[in-house]
Amino acid sequence: MSEGAGSEPAGSEPAESGPETPNRALIDRLRPNRSIVGMSAILLPVGESGDVDWAGFEAHVSRTLSAGLTPAVNMDTGYVQILDPAVSTEVLVRTESLCEGSRFVAGAFVRDSPGDPFAHDGHRSAAAEIVQHGGTPVVFPSWGLHELSEGEWVDVQADLGAEVGEFVGFELGTMFVPNGRIVGLDAYARLMDVPQCIGAKHSSLSRRLEWDRLALRDERRPDFMVLTGNDLAIDMVMWGSDYLLGLSTFAPDAFALRDRLWLDGDPDFYELNDLLQELGAFTFRSPVPGYRHDAAMFLHARGWITHDGVVAGAVTRPESDRAVLVDIARRVEEWVS
């Protein structure tokens, strides 16, 4: 009998594929039928005059809440690094009113410069303002945090948690912002030991680094949320990540549907996830911050905002992106309609 597909050469033993092999280990760690926590970074839309489109912002926060996702405001998607502080405060005021006691998270951002020391009072004030408005702070990267040793990086956040209560940590790769930072597993383990830290957004865009964090979480603190920020691998939820994504602001309704499909064990999850990942691969290409302009064009194509501009100073995309985004928006609408 000749050899064919699925046969073994005479006298050979089948290759083992036990739990010690990397691929089998990853298969064994899949988490089907899991309820996913979704946090969606809200785009701050801009009107034709260049001012904030507050009506568009409020509608998008409400839309995100209605989908069952947690709004995340004053994040990179909301241009927090280049916003006037008064606008950031107005974002908090309006979000608090819309959420009416429902959870929201917000970036606790301190504007500093390379070489500046860590500004504890500034970080505490930024976090306390969020808490005052009913939100949970996300400790946003700063130059002061960037310059600390990894041990100090954990210590100052532990001190912050003791003062303001619950917070979300944040690892951010330098492809997003130059003062971003991805720490080692020892520091990450120590962050998980901070009781007020309920989870951490991980935006290295590396599956391997995130898988390592999930394994550590499962072993050390199962209630800790590893919030994937990997817009190029949104299927990390299959392995137990939750998410805090910029990509989900394009289609919170479709992300919520995808999450329900995973909970229900519906194979349509993979089809919809592939479509959303196509959107992520296109819009989060280099230079990565340009995704915000793509988000504005996409939301405009869906009829959700009246203008597709960006905050002054933000990275923009070429006009040629529009046709691609309109096509993907049409296909997304077919799923959620």
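Residues numbered from 1 in each chain as written. Predicted model: local features only at pLDDT ≥ 70, side-chain atom pairs only at ≥ 80, totals over all residues. Heavy atoms only, no water.

(A) How the structure looks around the overall build of the protein. Looking only at helices and strands, the protein features twelve helices and eight strands. Relative to the globule expectation of 20 Å for 337 residues, the C-alpha radius of gyration of the protein, 21 Å, shows essentially globular dimensions. When the 337 residues of the protein are sorted by exposure, 53% land in the buried category. Pairs at least 24 apart in sequence give 73% of the contacts found in the protein among residues at least 6 apart. (Helix = DSSP H or I, 4+ residues; strand = E, 2+ residues; numbered from the N terminus. Rg over C-alpha atoms; globule rule 2.2 N^0.38 Å. Buried < 20%, exposed > 50% of the residue type's maximum accessible area, 1.4 Å probe, protein only. Contact = heavy atoms within 4.5 Å.)

(B) Highlighting the pattern of salt bridges. Scanning the entire structure with this criterion turns up 27 salt bridges. Between aspartate 308 and arginine 322 there is a salt bridge, with the nearest N and O atoms lying 2.6 Å from each other. Of this pair, aspartate 308 sits in the loop between helix H11 (291–301) and helix H12 (321–336) while arginine 322 is found in helix H12, placing the two residues 14 residues apart along the sequence. What makes aspartate 308 buried here is its relative accessible area of 12%. Given the relative accessible area of 25%, arginine 322 is considered partly exposed. Salt bridges sharing common partners tie together Glu278, Asp327, Arg330, Arg331 and Glu334. (Salt bridge = Lys/Arg side-chain N within 4 Å of Asp/Glu carboxyl O.)

(C) Quick look at the environment of proline 71. Locating proline 71 in the fold gives a position in strand E2 (residues 70–73). For proline 71, a relative accessible area of 0% gives the class buried. Along the primary structure proline 71 and leucine 276 are separated by 205 residues, whereas in three dimensions their C-alpha atoms are 19 Å apart. With near-sequence residues (within four places) excluded, proline 71 lies in contact with Ser40, Ile42, Val61, Thr64, Leu65, Cys99, Arg103, Phe104 and Val105.

(D) Spatial organisation of unusual backbone geometry. The linkage connecting serine 286 with the following residue, proline 287, adopts the cis geometry, with an omega of -5 degrees. One can find proline 287 in the loop between helix H10 (268–283) and H11. A positive phi angle, close to 55 degrees, is found at asparagine 74, a residue other than glycine. Note on placement: asparagine 74 falls in the loop between E2 and helix H3 (85–99). Asparagine 74 gets classed as buried once you look at its relative accessible area, which sits at 5%.

(E) Examining H3 more closely. Between its first and last C-alpha atoms H3 spans 21 Å; for 15 residues at 1.5 Å apiece the expected length is 21 Å, and the two agree. What H3 keeps buried is the set Ser88, Val91, Leu92, Thr95 and Cys99. Along the axis of H3, the buried residues cluster in a sector spanning 95 degrees; they form a single face. In H3, those exposed residues whose orientation departs by more than 90 degrees from the buried face are Ala86 and Ser97. In this structure, the buried side of H3 is in contact with helix H2 (54–67), E2, strand E3 (105–108) and helix H4 (120–132). Measuring from the backbone nitrogen of alanine 86 back to the side-chain oxygen at the start of H3 gives 2.7 Å, which picks out aspartate 84 as the cap. At the exit of H3 stands glutamate 100, carrying a positive phi of roughly 50 degrees. (Expected span 1.5 Å × (residues − 1). Arc of directions from axis to C-beta. Polar contact = N/O pair within 3.5 Å; in protein donor to acceptor, adjacent residues only side chain to side chain.)

(F) Representation of the pairing of strand E4 (residues 136–139) in the model. Burial along E4 is two-sided: Thr136 and Val138 and Pro137 and Val139, pointing in opposite directions, are all buried. Here E3 pairs with E4 via four bridges, running parallel. Bridged to alanine 106 within E4 is proline 137. Following the backbone out of E3, through H4 and into the adjacent parallel E4, one traces a crossover that is right-handed. (Pairing = 2+ DSSP bridges. Right-handed = clockwise from strand over helix to strand, strands pointing away.)

(G) Representation of the environment of tryptophan 335 in the model. Structurally, the position occupied by tryptophan 335 is in helix H12. Taking C-alpha positions, tryptophan 335 is 45 Å from valine 156, a pair spaced 179 residues apart along the chain. Sequence-distant contacts of tryptophan 335, that is, excluding residues within four places in its chain, are made with Leu257, Leu261, Asp268, Glu271, Leu272 and Leu275.

(H) Structural detail: the packing of aromatic side chains. On inspection of all chains with the given rule, the structure shows eleven aromatic pairs. Arranged with centres 5.7 Å apart and planes meeting at 85 degrees, the rings of phenylalanine 109 and phenylalanine 140 form a pair that is edge-to-face. With phenylalanine 109 in the loop between E3 and H4 and phenylalanine 140 in the loop between E4 and helix H5 (143–147), the pair connects residues that are 31 residues apart, well separated along the chain. Overall, the relative accessible area of 1% leaves phenylalanine 140 in the buried class. A ring pair is formed by tyrosine 243 and phenylalanine 255, whose centres lie 5.7 Å apart and whose planes are at 55 degrees; its orientation type is tilted. Placement of tyrosine 243 in strand E8 (residues 242–245) and of phenylalanine 255 in helix H9 (residues 252–264) is noted, with a sequence separation of twelve residues between them. Residue classification places tyrosine 243 among the buried positions, given a relative accessible area of 0%. Feature note: the residues Phe109, Phe140 and Phe170 constitute an aromatic cluster, connected by ring pairs. Arginine 63 extends its terminal NZ or CZ atom over the ring of tryptophan 304, reaching a point 4.0 Å from the ring centre. (Phe/Tyr/Trp six-rings, centres within 6.5 Å; stacked < 30°, edge-to-face > 60°. Lys NZ or Arg CZ within 6 Å of the ring centre and 35° of its normal.)

(I) Inspection of the packing of H11 against H12 at higher detail. The contact between H11 and H12 brings their axes to 9 Å, and the two run at 50 degrees. Comparing the axis directions of H11 and H12 gives the class oblique. Seen from above, H11 lies across H12 with right-handed handedness. Contacts between H11 and H12 involve Asp294, Met297, Phe298 and Ala301 from the first element and Asp321, Arg322, Leu325, Val326, Ile328, Ala329 and Val332 from the second. (Axes fitted to C-alpha atoms, helices over the stretch in contact; angles between N-to-C directions. Parallel < 35°, antiparallel > 145°, perpendicular 65-115°, else oblique. Left-handed = near helix turned anticlockwise from the far one by under 90°.)

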